[in-house]
Amino acid sequence: MTTPALLPLSGRRIPPLNLGPPSFPHHRATLRLSEKFILLLILSAFITLCFGAFFFLPDSSKHKRFDLGLEDVLIPHVDAGKGAKNPGVFLIHGPDEHRHREEEERLRNKIRADHEKALEEAKEKLRKSREEIRAEIQTEKNKVVQEMKIKENKPLPPVPVPNLVGISGGDPEDNDIREKREKIKEMMKHAWDNYRTYGWGHNELRPIARKGHSTNIFGSSQMGATIVDALDTLYIMGLHAEFLDGQKWIEDNLDFSVNSEVSVFEVNIRFIGGLLAAYYLSGEEIFKIKAVQLAEKLLPAFNTPTGIPWAMVNLKSGVGRNWGWASAGSSILAEFGTLHMEFVHLSYLTGDLIYYKKVMHIRKLLQKMDRPNGLYPNYLNPRTGRWGQYHTSVGGLGDSFYEYLLKAWLMSDKTDHEARKMYDDAIEAIEKHLIKKSRGGLIFIGEWKNGHLEKKMGHLACFAGGMFALGADGSGTDKAGHYLELGAEIARTCHESYDRTALKLGPESFKFDGAVEAVAVRQAEKYYILRPEVIETYWYLWRFTHDPRYRQWGWEAALAIEKYCRVSGGFSGVKDVYSSTPTHDDVQQSFFLAETLKYSLSAYSRNSEEEKCHLAKSRKYWQGKVSWMVSLLGVSQEFILIALRCRGFRILSASVSPQLAGLKNADLLRQCSQETVAEGWKGDVGILAIQHPNLLPLFGECSGFRRQSLLPRVKA
């Protein structure tokens, strides 16, 4: 079989065959290529001539009629109707034809006058020199800028600032706790002062090179990310001089009218979140104004076919796009799902519902979508509204979406039942498909990729221990204890990932394959960049259980950071937590000041019994409905007494804690009887599952207590 020709005969160097004269007359049915080309040129010339004549004819009656045709589009008309004298006539204001014609003629004259005026202005401009034109353009620019400044400085509607309880509650009485707090404050001072000296105004700091640092999430502009991000930590720590320095820089220098492409998610949580926190703490209007200015710059990111925002947006042009690596141009769940709290607060502060509507639209869209195995994939295409790669993670790419669902419910004073249901459904699917127990007995959260579980957990996923504990209340009486215990197990696993390294600092991610548990395998996963998630979970578990181990674990992490991450110019991440002589990455992340050190300090905040009860009542958080699982993890006696003293608490337990059984009878009886008389419990509190006969008589002495049990009752 011969190979087909790849070129036409005219393009191949083969001599044509001479077949002799034809035996019959030949008539061509088609035109040659050159003839076709000539005809195409003639046709093109004719079309060009027609259009030229149409648009460039000199002024004539026909030209005027063409102008009037445009005017007919601009002038509104109303049909006179079938019953009118002249059915072909169009009226503007009704059956008064004379008045209609006068009105129409007036409008036509106005259009002609405006047209002629525009032509005269154009001719006048052309007569001017280039320098004069440039001067006029600059004048107009300055005028626009001035108008924008007036608009930006327009005062926002006044709204009440919430009374934040416990922000300035004083130092704890215990000397050891007070010393630890002071040490963490000193670490914050060291980080801030070096940033102030070597990186002021830059987004972050390179503490070894002693100069500013930035990444592509902040764009090309230096917007002082560390300043904005750290404001609330400075305020909470009582570093008010430093706070005022940051405030002044924001007033004088923070400008969002820059030609810079930024991450919508990162700018929202670090800048808008930081500014709103500073406003609520200090009441200073400048923070609210700047937050609103930035939010307006982010709104164009939502201009997609589905309303799911782009990952990146140019603050000046409003042009958005997604990361090139994100599953065929998809948006990321943790990014578009982590806008809700800030945007709801923006609507509250401004009275403008646009922010609320944007994030609620995202929620409504997600509710309508099918979810494989009940799981939310990490990627969603903003053009098609379809999921990208089926990859689900509670760590990077997914983490804060679930956190914001829960906190949206809490922020609404537990009235946002839609958010709570989405959270509960998501956690149920996560527990079913992603949470497993290793051979060594460690509970971990894996990642679902294309139908199978990857037994790897990231440092970012360690925040979930605190989230499960925070969400225990409201998950139902039968599940509250389970989720608090699950949070504690995640905290233990993440602590193991720290404890199994040379530096006692956790790797970026760690695996559970075979004999390897809670250990990073690849070199690219062995780094620690001053992340806060593990310390955050320790703080939550301490607040919910008062188990001293969480304070101890948090303090061990703080000491490791001090020993291995502190350098003369600040704090730096390390590249290998398994090496006893680590190499620094020379970056002081803004979240180290904003989160890591703040959570470290919070675990050593004053926690008197009066403060605990006051917080519970004032925030309407407990409302006498919280299930304190006092049997969990050896809860301290102090905590049990606090729970007993806060009137309205129920203690639910599968078994009474050994610490409760070990309390001196006199102490318990005294606490109980005092509260009965002073607060009048009168049966408000149900003590469930009491199985220690020696304690029953004590509770019987407290008049008004009900003795109830999920287990067979024991006679007193």
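On a predicted model such as this, the values are computed, not experimentally measured, just so you know. (Residues numbered from 1 in each chain as written. Predicted model: local features only at pLDDT ≥ 70, side-chain atom pairs only at ≥ 80, totals over all residues. Heavy atoms only, no water.)

**A few points about the pairing of strand β17 (residues 516–519)**
Where strand β16 (residues 509–513) and β17 come together, three bridges link them in antiparallel fashion. Note that in β17 the partner of D513 across the bridge is V516. (Pairing = 2+ DSSP bridges. Helix = DSSP H or I, 4+ residues; strand = E, 2+ residues; numbered from the N terminus.)

**Observations concerning a nonpolar patch on the surface**
Together, I38, L39 and I42 make up a nonpolar patch on the protein surface, roughly 300 Å² of accessible area in all. Mapped onto the secondary structure, I42 falls in helix α1 (residues 33–56). (Patch = residues over 30% accessible without salt bridge, like charges linked within 9 Å, V, L, I, M, F, W, Y side chains within 5 Å. Areas by Shrake-Rupley, 256 points an atom, 1.4 Å probe, with all protein chains shown as cover. Salt bridge = Lys/Arg side-chain N within 4 Å of Asp/Glu carboxyl O.)

**A look at the UniProt feature "active site" (unreviewed entry) in the protein**
Summarizing the sequence annotation, UniProt attributes the feature "active site" (unreviewed entry) to E266, D399, E508 and E533 in the numbering used throughout. Following the sequence through the fold, D399 ends up in helix α13 (residues 399–411). Within the element layout of this structure, E508 appears in the loop between α16 (477–499) and β16. Taking relative accessible area as the criterion, E508 reaches 13% and is therefore assigned buried. Contact partners of E508, with chain neighbours within four places excluded, come to G458, H459, E525, Y527, I529 and R531. (UniProt positions renumbered as here; feature names shortened; annotations may be inferred. Buried < 20%, exposed > 50% of the residue type's maximum accessible area, 1.4 Å probe, protein only. Contact = heavy atoms within 4.5 Å.)

**Notes on the side chain of S438**
Within the secondary structure, S438 sits in the loop between β11 (435–437) and β12 (443–445). Of the polar contacts made by the side chain of S438, one reaches the side chain of E517; its length is 2.9 Å. Setting aside its immediate chain neighbours within four residues, S438 contacts F444, F512 and E517. (Polar contact = N/O pair within 3.5 Å; in protein donor to acceptor, adjacent residues only side chain to side chain.)

**With respect to helix α7 (residues 240–253)**
Taking 1.5 Å per residue, 14 residues should reach 20 Å; α7 reaches 20 Å between its end C-alpha atoms and fits that length. Looking only at α7, the buried set comprises E242, F243, G246, Q247, W249 and I250. Down the axis of α7, the smallest arc covering the buried residues is 160°, so these residues share one side. In α7, those exposed residues whose orientation departs by more than 90 degrees from the buried face are A241, L244 and K248. Structurally, α7 contributes buried residues whose contacts are with α5 (175–198), α6 (225–236), α8 (264–282) and α9 (285–298). (Expected span 1.5 Å × (residues − 1). Arc of directions from axis to C-beta.)

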